[in-house]
Structure formats: structure tokens, C-alpha cells
Amino acid sequence: MAEETRRPGPLSSGLVQLRPVGVRELSAMLRGAPDPDLPWEEGFPAPALLDFLGKAAADPGFLGPFYAYVIVRASDGLAVGDAGFHGPPRPDGELEVGYALVPKARGAGLATE
């Protein structure tokens, strides 16, 4: 029997929350209709995220623990970007992070936090 992939819960800081993208959020983004529990800032989701999620829709297990997190601005609860790792950690523990923010969320220290 295959081992179940565990996804972490949301991670919060003062300015942002990182929420793992689950099947519900994935479906809403691909439909172009915000989930009632996850409203969006203008420009979200970005085309690159939609392309990635289109591939993940064929295999939701593809999301795994390293891929596809939504960046939610704490001040208003709007999804303003996405983040993820470019795979699991290397043997030395190093990993690569990728992220993107919509234009209206840039310059406010969200990515730095």
C-alpha cells in the first residue's frame, strides 16, 4: 500500500499566511471562480500557477508537501500570490523556493516575510 503524502497546515506570520493548495482550491482556481473561503486580489491566480495546477489536476497527489501554496495577505485575507519548492530537499538539506506576487501586493514586504 502506498504511503499517504502528508500536507502541512497553514503557516502564519504577521503579514502573510501560507496555505497549501488542496483539491478544493485547485478546482476553484482552474474554474476562475474564487472559493468563498479564499477571496483573490486582482491578478490572482497567475498564468504560471494555472499552468502548474492544470498538470496537478490530472494527479492531485502531484501537489505533495513541496508544491503549491497560496500566499494570503493577513491584512485583508486576499490571496495575493503563490509559493512552492522546486522539489524535496537535496541530501545536504538545501532546497529551492519559488514564489510570485500579484502587482498590487509587491513592495509591501510580503515576500521578504
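Residues numbered from 1 in each chain as written. Predicted model: local features only at pLDDT ≥ 70, side-chain atom pairs only at ≥ 80, totals over all residues. Heavy atoms only, no water.

(A) Geometry of the pairing of strand S3 (residues 69–73). Burial analysis of S3 places five of its five residues in the buried class, the great majority of the element. Neither face of S3 is exposed, since Tyr69, Ile71 and Arg73 on one face and Val70 and Val72 on the opposite face are all buried. Across five bridges, the pairing between strand S2 (residues 16–20) and S3 is antiparallel. The residue of S3 that forms the bridge with Arg19 is Val70. Sheet topology places S3 next to strand S4 (residues 79–85); four bridges connect them, and they run antiparallel. Looking at S4, one finds that Val70 is bridged to Asp82. Here S3 folds back onto S4, and the loop between the two strands holds five residues, one of which, Gly77, carries a positive phi near 75°. (Buried < 20%, exposed > 50% of the residue type's maximum accessible area, 1.4 Å probe, protein only. Helix = DSSP H or I, 4+ residues; strand = E, 2+ residues; numbered from the N terminus. Pairing = 2+ DSSP bridges.)

(B) Focus on the pairing of S4. Buried residues dominate S4, accounting for six of its seven residues. Bridge count between S4 and strand S5 (residues 97–101): five bridges; the pairing is antiparallel. When the bridges of S5 are listed, Gly84 appears paired with Gly98.

(C) Representation of the confidence of the model for the chain within the structure. Averaged over every residue, the pLDDT of the chain is 84; the share at 70 or more is 88%. Per-element confidence in the chain is highest for S3, whose mean pLDDT is 94, and lowest for strand S1 (residues 11–12), whose mean pLDDT is 78. Across residues 1–5, where pLDDT falls below 50, the model places two contacts with residues more than four positions away in sequence or in other chains. (pLDDT = per-residue confidence, 0-100. Contact = heavy atoms within 4.5 Å.)

(D) Structural detail: helix H2 (residues 47–58). The end-to-end C-alpha distance of H2, which contains 12 residues, comes to 18 Å, matching closely the 16 Å that a straight helix rising 1.5 Å per residue would cover. Inspection of H2 places Leu49, Leu53 and Ala56 among the buried residues, and these make up the whole buried set. Axial view of H2: buried residues confined to an arc of 55°, hence all on one face. Turned more than 90 degrees away from the buried face of H2 sit Pro47, Ala48, Lys55 and Ala58, all of them exposed. (Expected span 1.5 Å × (residues − 1). Arc of directions from axis to C-beta.)

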